[in-house]
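Per-entry structural report
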Amino acid sequence: MRVLIINTSEKSGGAAVAAKRLVDALNNNGVKAKMLTRDKQTDDITVVGLKQGFRQQWHFLWERWYIFCHLHFQRKHLFDVDIANSGYDVTALREFKEADVIHLHWINQGMLSLSGIRKILQSGKPVVWTMHDMWPATAICHLTFDCRKYRNGCRQCRYMPTGIHLADLARRTWQRKQNLLKGHSISFVACSRWLAGEAKQSMLLSGQQITAIPNPIDTRFFAPAHNKADARLRAQLPADKRIILFIAQRATNPYKGMDYLIDACQQLAEQHPAMCRETCVAILGGHAEDFEGRLPFQAIPLGYVNDERRMVDIYNSADAFVLPSLSENLPNTIMEAMACGVPCVGFNVGGIPEMIDHQRNGYVAKYRDAADLATGMYWVLYEADHQKLAADAVRKVSLNYSQQAVSLKYIEVYNHALAFRHYKI
């Protein structure tokens, strides 16, 4: 079986990381998988990059400009929505023609247009689409928060300024997506049971098959260190402090909840003053330096790290990983931390409680509750049996997220899609 996985980027962003890991998992389990991407960033022979040039920039720039106009020339929310009005036609590529199954992942920001997806569907090849957020089930947004308009039909989106009905970008994009899916069957896969449940309530995906399969991880690579002191030495992190780790592609992204982590740390410092001497917070991601001086504990900005071996050392240096995100699907960072035996603390949102078993391998705090987040951090650092938490975290990842476990589930989806390739809804 030949599978072509399509994603905008090879390495940038959680969806890219998950898609590339799935390519590796499938190839290690008997499937010939390749990845087609706009932004090829390595010399990996399993990854095929689209030709570079002005056309690549045009697809991206035209979509942004169109959205910018509808935002009344305001930058706010410019990258919170996508309309897929411009993108590549990949159906003429050799890799597309050779594939038995086309597997879409995150295809926004000029990778595929809705017209391009229609051509893929019209080719007759079975299509699987992994949802890394809600965009395939909504009109234009990736994060819905408490909005439920997608259940009956998106219109007057909160991300867009109010205006006349004819200029309702969400309504028009919803209609285009409806027309695209009419008469076509796609096997949708959500990375978490939470996301699958949300997607099943979307009127847009009514009648489509939706299943939940988690992202895979190489448990031979992301694994506990034999010696934490050596890991800290390689990562250049303090040997004599309890280390709280926070990771985000952009640390200043408000949806990643850094403000809640700061609030929780301030509460801990007031309740347990000794922690100010004993504890530090390592911040990995873009603009990490912006938080120096804002925490009561020593802040260690690590910047953006591409080297996965260094990432493993950073994880293995940590005593707790904290991700107070306000919206999440199935975060790779929590999976990576748990695979390295690091107990995690996060809010009860999205797929996080599917990963963290409360007070068994980490702590699930009440949503947007900095006080409970602080309680969870202190429990992990000082009260719980750290060795047992670590062992349970590693076991959870091994049983649920290993390459073999995930690839076998996807192979089942591919076989089902091939068997029903001519089925129309």
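These notes cover the structure that comes with them. Keep in mind it's a predicted model, so treat the numbers as computed, not measured.

**Description of the overall build of the chain**
- Looking only at helices and strands, the chain has 15 helices and 13 strands in total.
- With the C-alpha coordinates of the chain rotated into their principal frame, the extents come out at 65 × 55 × 40 Å.
- Within the chain, the fraction of its 425 residues that count as buried is 56%.
- Within the chain, contacts between residues separated by at least 24 positions form 68% of all contacts whose residues are at least 6 apart in sequence.
- Side-chain charges of the chain comprise 51 positive and 40 negative groups, with the mean position of each set lying 9 Å from the other.

**What about the packing of aromatic side chains?**
- What the rule picks out here adds up to 17 aromatic pairs.
- The ring of phenylalanine 96 has lysine 125 lying over it, and the distance from NZ or CZ to the ring centre is 5.8 Å.
- Sitting over the face of the ring of tryptophan 135, lysine 177 holds its NZ or CZ atom 3.4 Å from the ring centroid.

**Structural notes on the nonpolar core**
- Judged by nonpolar contacts, the single largest core of 72 residues is most densely connected at Ile283, Tyr315, Phe321, Ile334 and Met377.
- Once you skip the residues sitting within four places of it in the chain, methionine 377 turns out to touch Ile244, Leu261, Ala264, Cys265, Leu268, Val322 and Val345.
- With 53 residues, the next largest nonpolar core counts Ile67, Met111, Leu181 and Ile210 among its residues.

**Concerning the packing of helix α4 (residues 114-122) against helix α5 (residues 169-181)**
- α5 packs onto α4 with a crossing angle of 10 degrees between their chain directions and a minimal axis gap of 10 Å. The angle between α4 and α5 falls in the class roughly parallel. Note on element contacts: α5 touches α4 through Arg176, Lys177, Asn179 and Leu180, opposite Leu114, Ser115, Ile117, Arg118 and Leu121.
- The class makeup of the residues in the contact of α4 with α5 is four nonpolar, two polar and three charged.

**Points about the state of the cysteines**
- Overall, the coordinates contain zero disulfides when judged by the stated rule.
- Free cysteine cysteine 141: the closest other cysteine sulfur is in cysteine 157, separated by 5.3 Å.
- According to the relative accessible area criterion, cysteine 141 is buried, its value standing at 9%.

**Some points on helix α15 (residues 403-419)**
- Here α15 contains 17 residues, and its C-alpha end-to-end distance of 24 Å stays within 8% of the 24 Å for a straight helix at 1.5 Å per residue.
- Gln403, Val406, Ser407, Tyr410, Ile411, Val413, Tyr414 and Ala417 are the residues of α15 that are buried. Mapping the buried residues of α15 onto a view down its axis gives an arc of 165 degrees, with all of them on the same face. Opposite the buried face of α15, at more than 90 degrees from it, the exposed residues are Gln404, Glu412 and Ala419.

Parameters at a glance
- Residues numbered from 1 in each chain as written.
- Predicted model: local features only at pLDDT ≥ 70, side-chain atom pairs only at ≥ 80, totals over all residues.
- Heavy atoms only, no water.
- Helix = DSSP H or I, 4+ residues; strand = E, 2+ residues; numbered from the N terminus.
- Buried < 20%, exposed > 50% of the residue type's maximum accessible area, 1.4 Å probe, protein only.
- Contact = heavy atoms within 4.5 Å.
- Lys, Arg positive; Asp, Glu negative; His and termini not counted.
- Charge placed at Lys NZ, Arg CZ, Asp CG, Glu CD.
- Phe/Tyr/Trp six-rings, centres within 6.5 Å; stacked < 30°, edge-to-face > 60°.
- Lys NZ or Arg CZ within 6 Å of the ring centre and 35° of its normal.
- Core = buried A, V, L, I, M, F, W, Y, C linked by side-chain atoms within 4.5 Å.
- Axes fitted to C-alpha atoms, helices over the stretch in contact; angles between N-to-C directions.
- Parallel < 35°, antiparallel > 145°, perpendicular 65-115°, else oblique.
- Nonpolar A, V, L, I, M, F, W, Y, C, P; charged D, E, K, R; others polar.
- Disulfide = S-S within 2.5 Å.
- Expected span 1.5 Å × (residues − 1).
- Arc of directions from axis to C-beta.

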